[in-house]
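Chain by chain, the residues run as shown.
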Amino acid sequence: MGSTDLVQLIHAGTPVAFASSSYPTSFPHPSWAEQDPADWWQGLGEAVRQCVAQAGIDAANISAVCIDTTCCTVVALDEAGHALRPALLWMDMRSAQQAARVAAGGDPALAVNGGGRGPVSAEWMVPKALWLKENEPDVFDRATHICEYQDYMNFHLTGRMVASMTNVSVRWHYSADRGGWPASLLGTLGLQALLAKWPQQVLPLGEVVGGLTAAAAAHLGLKEGTPVAQGGADAFVGMVGLGVLQAGQLALLTGSSHLHLGMTDRTFHGHGIWGTYSDAVLPGLNIVEGGQTSTGSVVAWYRRLLGLGGYHELNEEAEAVPAGCEGVVCLDHFQGNRTPHTDPLSRGAITGLTLKHGRGHVFRALLESICFGTELIFETMQANGYHPDSVTVAGGATRSPLWLQIHADVSNTPFVLTRVSEAPALGCAILAAVAAGLYPDIQAAARAMVHVDRVVQPDPQRHQEYRRHYLAYKALYPSLRTSFHAQSQRSSPAAAAATALTTAADGVCHGSSSSSQAWQHAGPIVSPSILSADFANLAADVNRVAAAGARWVHVDVFDGNFVPNLTIGPPVVKSLRKHTSAFLDCHLCVLNPQNYVKDMAAAGASQFTFHLEAAGIDMNTSKAIDLGNAVRQAGMLPGIALTPDTPAEAVFSVVEAGAVDTVLLLSVRPGFGGQKFMPSVLPKVSALRSRFPALNIEVDGGITLENAALVAEAGANALVAGTTVFAGPKPPEVIVPEIVDLIAGGLAKFRQ
């Protein structure tokens, strides 16, 4: 059930009838998506009646019913079960700010979100409920129940308000291992009242919720008292329909995207995966989750691009191309990446093209990239102790023998196809059969009702051949990440607000830019210095300030020579990059900065800012331009820094040459903390801003709430604020937005 109620009548594992009923979705604002729950109920009644009539059977012979629904579609109900407002659909992203605050809380319940590193999706229950409390407090206060689509439907079927173990485990931060509901997380967020509004009972899949009430039976055209089995989220019920019920098995659900759901008897959490979710499908077993955002949608995009009506020609041409596509390697991130990188700004890429290559090469390379992305997810799972023994696959990919064989060969794992393609529907039938007493448990019902159609075996020799191509695929995202983020900024001011990569449209900042264009790019940036963070919890601190709205994170690299202070180097940057997708604003006070370009790029630095006064290179304008260009070619944004004694005019030629995107002006002596802000930096800021409207002008040293607006009024759009953010009297979730507002206000005054 999504925007259509789909009903299948299944006998002994074989579908015998199918019916559907559609209903509208409204989009009242960008990123909002809503439906009227009354439409769900009306649609279900219509579809069930159609299905029974189509089958030509007596409704009294229906043993039981079960429904699966989308997950994270949240409803607020009164005591009678009537909706107080339209439902917030799973795709509704209005609670993005609330999700960031949930992630920043550091609660143990967040372990399922990448091992606590996050992010937490705005799709999930807690952010949506928090949005209701903060933005529609009257609805929140009047609500007797705040629950999901699944719970609403079961309530109207049986009169009993219960939650599904699947939904609460995978998207409500519920864990039987930690005592159930995430009470401490809700307490931190001021959401204690939500505990009383959630269903007070949680039922596992297949348990009887109750019998159909007289009203429900009349609405559906079924017999009163017919058992209703507890269902759950469609993909997870699909695991039941695929027979993925033992540790070591994995369900691969394919369509426009790929979803990877593995069954395990272990509890673990880690970076780049979701879960594990305890007892989500079967008691005593856990689920580990991975996902690829763009898979079937990429294949369909390429077909449409070529103006083809089907895939027959492309499959034939791709089959004639050798593994590895003779050097063509693609990145499948056409709509970002879900896991393991969790980067919505990553993009697709087709690399290695020559005049020799044809459309079959590109098509096969796209298929291979999707399979490589799946293998990377399996590899990430394996790093946490899980590797699937077999993969049972459903969905669109099953219609392509070539695609399935590449999948099996790349991962060196058998891919199993079952007879019934509608796995969630069959999963519901299995759960209903258990509730009706036809089978003693879910496993027994699945053994009787799930039938294997065929198994695609891997070719070990081809697997070895794919390994080197897989390594080339793995290298693409780290190499292209900085460019993707910069391109996102350049193409859209909205993206700038999300990523804070502020550069001009052609990647350089020219003094000739018109002010109307320029001010789209020089937006407010807070860059907290990690020298003030807790190094014992550095990654958590960095992710927390990023979630709070810090567009950059400032990383000082001092070698003890250029200034008499020694800080971190490329290895720490590399380690930090493994645990965060934050923009790493690296400031190098070092001898011979040119020697650090390769290492910093490999470590994952986003911006490389070097000093005009750097010793060891005999720095001058020409060498600064060459170094800036080398930094850009390495995939980082180039910046140049000035100490308090160096005039702004010293870098005019470097900026005019387009060699740097940022000028960092120190407002304290380099190398020591705790110094007071030097107002002499303000005329330098104004001189640069007047000449270069689109330039990022960053001020570093002694920034506080008292002087932030003053510095922005002079024309600075980026402020380094370490102690104020990491060690100030207010938490980052409060202080970062305050500084952003001060910068925005100061820039507005400068423009006037």
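Below is a summary of the structure that appears in this document. These numbers were taken from a predicted model, which means no experiment stands behind them.

Turning our eyes to something else, we now look at the overall build of the protein. Of regular secondary structure, the protein possesses 28 helices and 28 strands. Projected onto its principal axes, the C-alpha coordinates of the protein cover approximately 90 × 65 × 45 Å. Relative to its 752 residues, the protein shows a buried fraction of 58%. Within the protein, contacts between residues at least 6 apart in sequence are counted, and of these 71% link residues at least 24 apart. Of the roughly 27,700 Å² that the protein leaves accessible, carbon and sulfur atoms contribute 52%.

Turning our eyes to something else, we now look at the sheet that holds strand 19 (residues 415–418). Strand pairing within a sheet occurs via backbone hydrogen bonds; the two strands may be parallel or antiparallel. Ordered by their spatial adjacency, seven strands build an open sheet running 14-15-13-12-18-19-20, and the pairing between neighbours is mixed. The open sheet is flanked by strand 14 (274–278) and strand 20 (452–456), the only strands paired with a single partner. Here the average twist between neighbouring strands, direction ignored, is 25°. Across the sheet, helix 10 (residues 234–241) lies against strand 12 (249–254), strand 13 (258–264), strand 14 and strand 15 (286–292), angled at about 60° from strand 13, the strand it touches most. Along the sheet, helix 14 (residues 401–411) makes contact with strand 12, strand 13, strand 18 (390–395), strand 19 and strand 20, crossing strand 20 at roughly 60°.

Let us look at empty space enclosed by the protein. The full count for this structure, using the stated rule, is one cavity of 30 Å³ or more. Approximately 40 Å³ is the volume attributed to the largest cavity. Considering the residues around the largest cavity, the lining is formed by G324, V328, V329, C330, A365, E368, S369, F372 and H469. Elements with a contribution of two residues or more to the lining of the largest cavity: strand 16 (329–331) and helix 13 (359–383). With four residues, helix 13 is the single largest residue contributor to the lining of the largest cavity. Grouping the amino acids of the lining of the largest cavity by side-chain chemistry returns five nonpolar, three polar and one charged.

All right, on to helix 14 then. Within helix 14, nine of the eleven residues are buried, leaving the element largely enclosed by the surrounding structure. Inspection of helix 14 places L402, W403, L404, I406, H407, A408, D409, V410 and S411 among the buried residues, and these make up the whole buried set. Within two residues after helix 14, N412 carries a phi angle of roughly 55°, on the positive side.

For the structure on display, the rule yields 19 salt bridges. E375 is the partner of R467 in a salt bridge, and the nearest nitrogen-oxygen pair spans 3.6 Å. Of this pair, R467 sits in helix 17 (residues 460–491) while E375 sits in helix 13, placing them 92 residues apart in sequence. Each of the salt bridges in this network shares a partner with another, and the network as a whole consists of E34, R85, D92, R94 and E136.

A separate point is the environment of E207. With respect to the secondary-structure elements, E207 resides in the loop between strand 9 (202–203) and strand 10 (208–211). Since its relative accessible area comes to 36%, E207 is described here as partly exposed. Note: C-alpha distance between E207 and I62 (145 residues apart in sequence) is 17 Å. Filtering out sequence-adjacent residues up to four positions away, E207 remains in contact with V228, A229 and Q230.

Turning our attention to the environment of P638. Relative to the helices and strands, P638 is located in strand 25 (residues 637–642). Of the residues examined, P638 reaches a relative accessible area of 0% and is grouped as buried. A C-alpha to C-alpha distance of 9.0 Å links P638 and S606, two positions 32 residues apart in sequence. Discounting chain neighbours no more than four positions away, the residues touching P638 are Q607, F608, G628, V631, R632, A659, V660, D661 and T662.

With that settled, consider the packing of aromatic side chains. Overall, the coordinates contain 17 aromatic pairs when judged by the stated rule. With a centroid separation of 6.3 Å and an interplanar angle of 20°, the aromatic rings of Y302 and F363 are classed as stacked. With Y302 in helix 11 (residues 296–305) and F363 in helix 13, this residue pair connects regions lying 61 residues apart in the sequence. Its relative accessible area of 3% is what places F363 among the buried residues. With centroids separated by 4.9 Å and ring planes inclined at 25°, the aromatic side chains of W552 and F583 adopt a geometry described as stacked.

By the secondary structure assignment, N286 is in strand 15. Within the structure, N286 has its side chain in polar contact with the side chain of T267 (distance 3.0 Å). If sequence neighbours within four positions are ignored, N286 has contacts with G262, M263, T264, R266, T267, T276, Y277, S278 and D279.

In terms of burial, strand 13 is a largely internal element, seven of the seven residues being buried. Residues H258, H260, G262 and T264 line one face of strand 13 and the alternating positions L259, L261 and M263 line the opposite face, and both faces are buried. Bridging between strand 12 and strand 13 involves five bridges; their strand directions are antiparallel. Within strand 13, the position partnered with L250 by the bridge is G262. With antiparallel pairing between neighbouring strands as the criterion, strand 12 and strand 13 make up a hairpin whose turn holds three residues. When strand 13 meets strand 15, the two strands line up antiparallel, connected through seven bridges. Counted as the bridge partner of H258 is Q292 from strand 15.

What follows concerns the sheet that holds strand 28 (residues 718–720). Pairing within the open sheet is parallel, and its eight strands lie in the order 21-28-27-26-25-24-23-22. Strands with a single pairing partner mark the edges of an open sheet, and in this sheet they are strand 21 (525–527) and strand 22 (552–558). Direction aside, neighbouring strands of the sheet carry axes that sit 25° apart on average. As paired strands, strand 24 (residues 607–611) and strand 25 are joined by five bridges and run parallel to one another. Each bridged residue has a counterpart across the sheet, and for F610 the counterpart in strand 25 is I640. Here helix 25 (residues 681–691) sits on the sheet in contact with strand 25, strand 26 (662–666) and strand 27 (696–700), set at roughly 165° to strand 26.

Scoring rules and cut-offs
- Residues numbered from 1 in each chain as written.
- Predicted model: local features only at pLDDT ≥ 70, side-chain atom pairs only at ≥ 80, totals over all residues.
- Heavy atoms only, no water.
- Helix = DSSP H or I, 4+ residues; strand = E, 2+ residues; numbered from the N terminus.
- Buried < 20%, exposed > 50% of the residue type's maximum accessible area, 1.4 Å probe, protein only.
- Contact = heavy atoms within 4.5 Å.
- Areas by Shrake-Rupley, 256 points an atom, 1.4 Å probe, with all protein chains shown as cover.
- Pairing = 2+ DSSP bridges.
- Axes fitted to C-alpha atoms, helices over the stretch in contact; angles between N-to-C directions.
- 1 Å grid on protein atoms, 1.4 Å probe; cavity = no way out; pocket = protein on both sides within 12 Å on 5 of 7 lines; lining within 4 Å.
- Points joined across faces, edges and corners; volume = space filled by probe spheres on them.
- Nonpolar A, V, L, I, M, F, W, Y, C, P; charged D, E, K, R; others polar.
- Salt bridge = Lys/Arg side-chain N within 4 Å of Asp/Glu carboxyl O.
- Phe/Tyr/Trp six-rings, centres within 6.5 Å; stacked < 30°, edge-to-face > 60°.
- Polar contact = N/O pair within 3.5 Å; in protein donor to acceptor, adjacent residues only side chain to side chain.

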